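# Secondary and tertiary structure notes
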Amino acid sequence: MSFTLHLLVSCGSSQHGRLLLILSRLVRSLSSGPRISRSLQESYRLLQLPDDGLSSPAQVKEAYLRLAKLYHPDSGAATADAVLFARVEEAYRAVLVHQSKIKHPSEDTEAEDEEKSRGTALQHRHYLSYEGVGTGTPSQRERQYRQIRVNRASEQVLNYRQQGHERAAAAEGALVERDMRQRSHKIKITQAVERLVEDLIQESMARGDFRNLSGAGKPLNKFEHNPYADPMTHNLNRILIDNGYQPPWVITQRDIREATAQIRNRLLEGWAGLGDPMTPRESREWEQLCASVEEELVKLNKMVDNYNLIVPMLNMQMVHFRLSREIERAVKGARQRRLEQQTEREKERERRKEEKKRANAAAKTRSRKPGLVSWMQNLLR
């Protein structure tokens, strides 16, 4: 390009030559500057920044935050878009890498000012940084301060999650009442009941109701079956049992038994209602029944998993229920029921035959008795 420009200068007029020389200098100055790839230019454009690469880190960060508020999936805005946010994040990372490779004059001046301020500052001024936290060298204090910030962040996260759980529980109506008036009212009621019980006990003692008790002055024999048991624990368990309390694993076990009995009864009744060679309509009905039973078995297996987690002993844990095994069980049960019904029918037939024979024999004896009586009357005459 320079050769052609000089050639034009030598061939053209002096004014045109000067103009071309100025243009060549501009082209050289532009070509000598930092070159940016097309992908990097696209990243700057995606961040809505000029693609010349002269934006400051503060401007890049501000543009990224502005776009994150618009396109982040968790922002709740109408313009939220996960794909576009991923592109924006990739562009931001690429621009950060490019910014780290180049130096801005503003950054140099800020660094120089900071170095000057550090040199002129007093020796005790560095203890005012990091919020006055930590001891030791500045690097050690910086690490301590970072750890403290991490702990603060984790505590804030835990508090936020706890508040979320409390809000969810309050929405479902499962949160315990926190009204101080209701608490004080409950405490007053409890104290009144305790005072009433104490007054009744004192009145009974004054009347002498506790003087002639059987076993007075003798040791209690409540724990002869297990002398190593804690009396308080034994009494608490006895009170819970007397009031109908059941542990969660017992309730879950009962629910599993009831659900299993219902499923097996459905399969048994469904197979028993079908013919031995099933018709196409009966086969479709059986397939629909198996599909619904399979969905119920999925829920039942989840209950089994929960039961296995809370059951106190390992030998009481259960295995998952399978559809094929339950179908085999239902088929065997249906065949056994058919055999029992067939034997009952045969017994009923034999019983009817025996009754019929007895009725015929009784009729014969009745028909013989009148003939014998008439013969004896004729003989006497």
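Criteria and thresholds
Residues numbered from 1 in each chain as written. Predicted model: local features only at pLDDT ≥ 70, side-chain atom pairs only at ≥ 80, totals over all residues. Heavy atoms only, no water. Helix = DSSP H or I, 4+ residues; strand = E, 2+ residues; numbered from the N terminus. Buried < 20%, exposed > 50% of the residue type's maximum accessible area, 1.4 Å probe, protein only. Contact = heavy atoms within 4.5 Å. Areas by Shrake-Rupley, 256 points an atom, 1.4 Å probe, with all protein chains shown as cover. Patch = residues over 30% accessible without salt bridge, like charges linked within 9 Å, V, L, I, M, F, W, Y side chains within 5 Å. Salt bridge = Lys/Arg side-chain N within 4 Å of Asp/Glu carboxyl O. Lys, Arg positive; Asp, Glu negative; His and termini not counted. Charge placed at Lys NZ, Arg CZ, Asp CG, Glu CD. Core = buried A, V, L, I, M, F, W, Y, C linked by side-chain atoms within 4.5 Å. Expected span 1.5 Å × (residues − 1). Axes fitted to C-alpha atoms, helices over the stretch in contact; angles between N-to-C directions. Parallel < 35°, antiparallel > 145°, perpendicular 65-115°, else oblique. Left-handed = near helix turned anticlockwise from the far one by under 90°. Nonpolar A, V, L, I, M, F, W, Y, C, P; charged D, E, K, R; others polar. Polar contact = N/O pair within 3.5 Å; in protein donor to acceptor, adjacent residues only side chain to side chain. pLDDT = per-residue confidence, 0-100.

## A few points about the overall build of the chain
A count of helices and strands for the chain gives 12 helices and zero strands. Ordered by position in the sequence, the α and β elements of the chain form the string α-α-α-α-α-α-α-α-α-α-α-α. Here the chain holds 381 residues, and 16% of them are scored as buried. Put simply, 47% of the contacts in the chain that link residues at least 6 apart link residues at least 24 apart. For the chain, the accessible area works out to roughly 31,400 Å², and carbon and sulfur atoms hold 55% of it.

## Considering a positive patch on the surface
Taken together, the side chains of Arg-345, Arg-349, Lys-353 and Lys-357 define a basic patch exposed on the protein surface. According to the relative accessible area criterion, Arg-345 is partly exposed, its value standing at 47%.

## Some remarks on unusual backbone geometry
Unlike most non-glycine residues, Gln-48 shows phi in positive territory, near 60°. By the secondary structure assignment, Gln-48 is in the loop between helix H3 (38–46) and helix H4 (57–71).

## What about the nonpolar core?
If you look at the biggest cluster of nonpolar residues, it comprises 18 residues, and the most contacted ones within it are Val-293, Leu-297 and Leu-300. For this core, the secondary-structure elements that each account for two or more residues are helix H10 (248–272), helix H11 (280–310) and helix H12 (323–380). No other element matches H11, which puts eight residues into this core. Non-local contacts of Leu-300, meaning those with residues more than four positions away in its chain, are made with Ile-256, Ala-259, Thr-260, Ile-263 and Phe-321. In this structure, Ile-36, Leu-40, Tyr-44 and Val-60 belong to the second largest nonpolar core, which totals 16 residues.

## Focus: the pattern of salt bridges
Using the criterion set out here, one finds 11 salt bridges in the structure. Taking the shortest distance from any N to any O, the salt bridge between Arg-264 and Glu-326 comes out at 2.9 Å. Here Arg-264, found in helix H10, pairs with Glu-326, found in helix H12; they are 62 residues apart in sequence, far enough to count as distant. The class of Glu-326 is buried, set by a relative accessible area of 4%. A salt bridge links Arg-351 to Glu-355, with the shortest nitrogen-to-oxygen separation between them at 2.8 Å. A residue pair is termed a helical-turn pair when its members lie 3 or 4 positions apart in one helix, as Arg-351 and Glu-355 do in helix H12 at four residues. The exposure class of Arg-351 is partly exposed, given its relative accessible area of 40%. A residue is classified by how much of its surface remains accessible, and Glu-355, at 42% relative accessible area, is partly exposed. Linked by salt bridges that have partners in common, Glu-348, Arg-351, Arg-352 and Glu-355 make up one network.

## Concerning helix H9 (residues 231–242)
Helix length check: H9, at 12 residues, gives a terminal C-alpha distance of 16 Å against a target of 16 Å (1.5 Å per residue), a fit within 8%. In the stretch just after H9, Gly-244 is the one whose phi turns positive, near 80°.

## As for a nonpolar patch on the surface
Residues Val-193, Val-197, Ile-201, Met-205, Phe-210 and Leu-213 make up a contiguous nonpolar surface patch of about 520 Å² in total accessible area. Tracing the backbone through its elements, the reader meets Phe-210 in the loop between helix H8 (180–207) and H9. A relative accessible area of 42% places Phe-210 in the partly exposed class.

## So, the environment of Asp-81
By secondary structure assignment, the location of Asp-81 is in the loop between H4 and helix H5 (82–101). A relative accessible area of 35% means that Asp-81 is categorised as partly exposed. As a C-alpha pair, Asp-81 and Leu-70 span 11 residues in sequence and 8.4 Å in three-dimensional space.

## Remarks on the packing of H3 against H5
Where H3 contacts H5, the two axes come as close as 9 Å, and the packing angle between them is 120°. The angle between H3 and H5 places the two elements in the oblique class. Judged by the sense of rotation from one axis to the other, the crossing of H3 with H5 is left-handed. Contacts from Leu-40, Ser-43, Tyr-44 and Leu-46 of H3 reach H5 at Arg-87, Val-88, Ala-91, Ala-94, Val-95, His-98 and Gln-99. Each residue belonging to the contact of H3 with H5 can be placed in one class, and the counts come to seven nonpolar, three polar and one charged.

## Considerations on the side chain of Asn-301
Along the chain, Asn-301 turns up in helix H11. Here Asn-301 falls in the buried class, since its relative accessible area comes to 14%. Engagement of the side chain of Asn-301 in a polar contact is seen with the backbone nitrogen of Phe-321, the distance being 2.9 Å. The contact partners of Asn-301, leaving out residues within four places of it in the chain, are His-320 and Phe-321.

## Brief notes about the environment of Met-303
Position of Met-303 relative to the elements: it lies in helix H11. A residue is classified by how much of its surface remains accessible, and Met-303, at 27% relative accessible area, is partly exposed. Taking the C-alpha atoms as reference points, Met-303 and Gln-253, 50 residues apart in sequence, are found 8.8 Å from one another. Not counting residues up to four positions away in its chain, the partners in contact with Met-303 are Thr-252, Asp-255 and Ile-256.

## Thoughts on the confidence of the model for the chain
Considering every residue of the chain, the mean pLDDT works out to 76; 72% of them sit at 70 or more. Low pLDDT, under 50, characterises residues 1–14; the predicted model gives this stretch 10 contacts beyond four residues in sequence or across chains. Taken together, the stretch residues 27–33 has pLDDT below 50 and engages in three contacts with residues farther than four places along the chain or on a different chain.

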